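# Understanding the architecture of this molecule
Given next are the chains, with one letter for each unit.
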Amino acid sequence: MTTDLAMQGCCPTPFIPDATPPGLSDRWARALDDGRHHVDFLAPDVHCATCISTIEGALRAQSGVLTARVNLSTRRVAVDYDPTRVNVATLAGVIASTGYAVRPYDAAALRDVTSDAQSRHLLAAMAVAGFSAANIMLLSISVWSGAVDATRDLMHWVSALIAIPTVAFSGQVFFRSAWAGLRARRMNMDLPISVAVLLAVGYSLYETAHSAPHAWFDAAVSLLFFLLIGRYLDHRTRRLARSAAAELTALSATGARRMDGQGQAHWVPIDSIAPGDVIEVLPGERIPVDGVVTEGRSDIDRSLVTGESAPETASPGTLLHAGMNNLTGPLRLSVSATGDATLLADIARMVAAAENSQHRYVQLADRVARFYSPIVHLLALISALVWLWLTGGDGHRAVQIASAVLIITCPCALALAVPTVQAVASSVLFARGIMIKDGAALEKLAEVDHVVFDKTGTLTTGRAQLTDAPPRDDTAWPVALALAAKSRHPLAQSLLAVGGAMAKLDDIQEHAGLGLSAMSSRGLVRMGSAAYLGMTDAQGMSIWVDPADGRGPRVFRFVDTLRSDAAAVVAALRARGLHISLFSGDAPQAVAKVASDLGIVDARPRMTPADKAAALAELAAQGRKVLMVGDGLNDAPALAAAWVAMSPASASDVSRAAAPLVWVAQGLAPVALALRIAGRARMLMRGNLQLTAVYNALAVPIAALGMVTPLIAALAMSGSSILVSLNALRLKWEARA
Amino acid sequence: MTSLLMLMPIALFLGGLGLVAFLWALRSGQYDDLDGAAARILLDDEKSGERVDN
């Protein structure tokens, strides 16, 4: 399945990994019994077999590592190591050196531990129920084939012996949930299930003890088996959803370099940094806290935080925020806000608030379950009472009929109706490189009527491309390439990608925030911003080069290119009748250009994270169901607040966590595909629920009339469950066609 | 009837063995990473168990 994913080229992340300092706190590690330590890392970019072998190979080659295992489903790396020979920082460095962004995390804090345990318990319960159902069914076949008297009683007793422990073990999932619901004065779907199972077993025991012809052990246990399948599928779909707010804590830096009175820098944990401290941020590092620059000049990549496409110059007096990348020169900052007070923390709070409001969406299955429960109980009660009256007080017959009604209105078809479609849809999407983390997102996608795009990194590739340059034989080219090779500035990197012969230059110096200079045979050559070369240039991304040949500086212009299929996808979405908007943190000219290229009328520039979230709230108040597509840190609150959201895999960790859908491919086509599949999935879910309704409409009268035997019940339950599953599989067959 | 009394426990026992095997596989963590297991088929050089003593 992973070979279907169109990747830019396996594996290394475009982001600069955080520098891991020596003495990084080993507080992430857990001590195991025999002196070993265990640590887990987040590695969000692993997605294929090569990633596994690269990371595990690198770790195993490291002395002191005992076991190393990559978990592809949860994107974690688990390492057991000898603390006397290696520490967490070294391990992190080893993984980072293979090109994968990685950071240690606290499994217990992110509540990952319990989710896995629950998954295992469900599987175990399912296995036991399956074993019992199969065996009891076989025993029942002999009864249905005409066993009588002692043989039949033997079969029933053996069935009882198998069924009772099974119900005690596998049924706990439902009993606990039903009991919890009752205590909260609510009737959820687990209540009729629990009542049906317990009643079936109890009633069958009574009948068996009196040598009666019918026993319902197989019905009770099959019911549990089918329901647990549905539960497990549902749980699997939800397991990948992580709290984006918790993800943000992993994104924050764990420490910083603080300057003391003597001008020496010491690594201190982030908690001990207070406003007023002076910290040092080297080139290539992410800024750990909010602060004002006191010394140094550099270029800052603000794209993750504000969405601006061009790096900005920072000089003494500039306010910088935690999360931005320092590109070219070392900086000293006077800390203005730490921890909870940083912009990053603000964003985390907005995301957490948005996530909480999402819980109010009630999924289709739950909406049906709400009135299913009372209706079923009512029907059973009515049948019992009617038969009591008809037979003049025959309690036995009344209970028999009521049990039959409860069992036959088997919620197994209902419990399977939606999870099966979700499971099939998830696998179809995954085969096309779209990962869905939450079943509710699938339903919500189908209701979308408005799509909001972010600009940088979403509609555009986020990388600058050369649009305007002097002719290739111009002397500026070799000089520019030679200077670009020594610069970390992203525009220089893009220029370098063009390739070509480099001039021989001596004494290349980078002047952070300005440009580069060097000595050539002709004299001093320079490359850099317009201001550095003494030109006035209002246009966005450009590099000026003066190769000292007397003709003055020449310009190389760059633009952030649109993704190749952006125009086609936007047009297709508009053709489906969706409204399209563009929200961006970038400058008006850049936004206007992209909007006109794509024909988007509603384009808003200079939006802060709070602005985006507020605009979405406004749209929601108008009754619009919005699909938000975004990638930067500044999109995270909007992604969490939107009706449903999608994020490209190249996005920041937080956006990937905040968006229920993540896609891997380079273009925007997955957005249109996801909408189409969601629409189809919703139709199939509705179809399944209708099938269930029809089944119940037929089954209840038959049960109420007393014509249901265990054989009929077994056939009906299995038949309806299989029918519902087959219907869900249609999605896969259609997708293949 | 006697044959039934012998065969049924045998059948249940064999089925029970299967169940125990499944529960063991579950407990040893083989179901924790199904995507990873699928991807590892493509790797050569997988030794059984990752215990490496460096």
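See the structure printed just above.
Rules used throughout
Residues numbered from 1 in each chain as written. Chains lettered and ligands numbered in written order. Predicted model: local features only at pLDDT ≥ 70, side-chain atom pairs only at ≥ 80, totals over all residues. Heavy atoms only, no water. Helix = DSSP H or I, 4+ residues; strand = E, 2+ residues; numbered from the N terminus. Buried < 20%, exposed > 50% of the residue type's maximum accessible area, 1.4 Å probe, protein only. Contact = heavy atoms within 4.5 Å. Areas by Shrake-Rupley, 256 points an atom, 1.4 Å probe, with all protein chains shown as cover. Polar contact = N/O pair within 3.5 Å; in protein donor to acceptor, adjacent residues only side chain to side chain. Axes fitted to C-alpha atoms, helices over the stretch in contact; angles between N-to-C directions. Parallel < 35°, antiparallel > 145°, perpendicular 65-115°, else oblique. Nonpolar A, V, L, I, M, F, W, Y, C, P; charged D, E, K, R; others polar. Buried area = accessible area lost by both parts, 1.4 Å probe. Salt bridge = Lys/Arg side-chain N within 4 Å of Asp/Glu carboxyl O. Pairing = 2+ DSSP bridges. Core = buried A, V, L, I, M, F, W, Y, C linked by side-chain atoms within 4.5 Å. Expected span 1.5 Å × (residues − 1).

Regarding its fold elements, chain A presents 24 helices and 27 strands. By residue count, 54% of the 737 residues in chain A fall in the buried class. Sequence-distant contacts, at least 24 apart, represent 68% of the contacts inside chain A between residues at least 6 apart. Accessible surface, chain A: about 30,200 Å² in total, of which carbon and sulfur atoms supply 59%.

Attention shifts here to the side chain of Asp635(A). Residue and element names in this part refer to chain A. Within the fold, Asp635 resides in the loop between β25 (626-629) and α21 (636-641). Residue classification places Asp635 among the buried positions, given a relative accessible area of 0%. Side-chain polar atoms of Asp635 contact the side chain of Lys612, separated by 2.5 Å. Discounting chain neighbours no more than four positions away, the residues touching Asp635 are Asp454, Lys612, Met628 and Gly630.

To continue, consider the packing of helix α4 (residues 149-170) of chain A against helix α5 (residues 172-183) of chain A. Residues and elements named next belong to chain A. It is at 5 Å that the axes of α4 and α5 come closest, and there the two elements cross at 50°. Relative to α5, the element α4 is oriented oblique. On α5, the residues touching Val167, Ala168, Phe169 and Ser170 of α4 are Gln172, Val173, Phe174 and Phe175. Grouping the constituent residues of the contact of α4 with α5 by class yields six nonpolar, two polar and no charged.

Here the focus is the interface of chain B and chain A. Tallying the contact residues gives 30 residues for chain B and 39 residues for chain A. Summed over both partners, the interface of chain B with chain A comes to about 3,000 Å²; 62% of that surface belongs to carbon and sulfur atoms. Where chain B meets chain A, there are two salt bridges. Across the pair Arg40(B) and Glu56(A) runs a salt bridge whose closest N-O atoms are separated by 2.9 Å. Elements supplying a minimum of two residues to the side of chain B that touches chain A: α1 (2-27) and α2 (34-40) of chain B. Tallied by class, residues from the side of chain B that touches chain A come to 16 nonpolar, five polar and nine charged.

Working note: a packed helix pair is described by the angle between its axes plus the distance between those axes. Residue and element names in this part refer to chain A. At a closest axis distance of 7 Å, the pairing of helix α14 (residues 439-446) and helix α23 (residues 669-704) adopts a crossing angle of 100°. Accordingly, the angle class assigned to the pair α14 and α23 is roughly perpendicular. Side by side, α14 and α23 meet where Leu442, Glu443, Leu445 and Ala446 of the first sit next to Ala674, Leu675, Ala678, Gly679, Ala681, Arg682 and Met685 of the second. Looking at the contact of α14 with α23 residue by residue, the classes come out as eight nonpolar, one polar and two charged.

The subject of this paragraph is the sheet that holds strand β16 (residues 450-454) of chain A. All names here are of chain A. Reading across the sheet, the seven strands line up as β15-β27-β26-β25-β16-β23-β24 and stay open at both edges, with mixed pairing between neighbours. Lying at the two open borders of the sheet, with one neighbouring strand each, are β15 (434-436) and β24 (602-604). Shown here is a sheet whose adjacent strand axes are inclined to one another by a mean of 20°, direction ignored. Relative to strand β27 (residues 661-663), strand β26 (residues 644-648) is paired through three bridges, and the arrangement is parallel. Residue pairing in the sheet places Ser647 in a bridge with Val662 of β27.

All right, on to the sheet that holds strand β13 (residues 325-326) of chain A then. Judged by pairing direction, the sheet is antiparallel, and its three strands sit side by side in the order β11-β10-β13 (chain A) without closing on themselves. The open sheet has two edge strands with one neighbour each: β11 (312-314) and β13 of chain A.

We now examine the nonpolar core. Residue and element names in this part refer to chain A. Counting 115 residues, the largest nonpolar core has Trp216, Leu445, Phe453, Leu459, Leu573, Leu627 and Leu661 as its most contacted members. Here the element with the most residues in this core is α23; it accounts for 13 residues. Leaving out residues up to four positions away in the same chain, Leu661 has contacts with Leu429, Ile434, Met435, Ile436, Ala441, Leu445, Val644, Ala645, Met646 and Ser647. Grouped together as the second largest cluster of nonpolar side chains are 28 residues, Ile55, Ala68, Val77 and Ala92 included.

Let us now look at the pairing of strand β20 (residues 523-528) of chain A. All names here are of chain A. In this sheet, β20 lies alongside strand β19 (residues 515-520) in antiparallel orientation, the contact comprising six bridges. By the bridge assignment, Gly515 is partnered in β20 with Gly528. Looking at chain direction, β20 and strand β21 (residues 542-546) are connected through three bridges and run antiparallel. Looking at the pairing, Met527 lines up with Val545 of β21.

Here we come to the pairing of β19(A). All names here are of chain A. Of all six residues in β19, five are buried, a share of seventy percent or more. Bridge count for strand β18 (residues 506-511) against β19 is four bridges, and the pairing is antiparallel. Looking across to β19, one finds that Asp506 is bridged to Met519. Linkage of β19 to β20, two consecutive antiparallel strands, is achieved through a turn of two residues.

End to end, α1(B) covers 38 Å across 26 residues, agreeing with the expected 38 Å (1.5 Å per residue, within 8%). At the exit of α1(B) stands Gly29(B), carrying a positive phi of roughly 80°.

Applying the stated rule across the entire model yields 21 salt bridges over all chains. Between Asp32(B) and Arg120(A) there is a salt bridge, and its shortest N-O distance comes to 2.6 Å. Separated into two different chains, Asp32(B) in the loop between α1 and α2 and Arg120(A) in helix α3 (residues 112-144) make up a pair that spans both. On the accessibility criterion, Arg120(A) (30% relative accessible area) is partly exposed. Between Arg258(A) and Asp277(A) there is a salt bridge, with the nearest N and O atoms lying 3.1 Å from each other. A residue pair is termed long-range when its members are at least 10 positions apart, and Arg258(A) in strand β6 (residues 255-259) and Asp277(A) in the loop between β7 (265-269) and β8 (278-281) qualify at 19 residues. For Arg258(A), a relative accessible area of 25% puts it in the partly exposed group.

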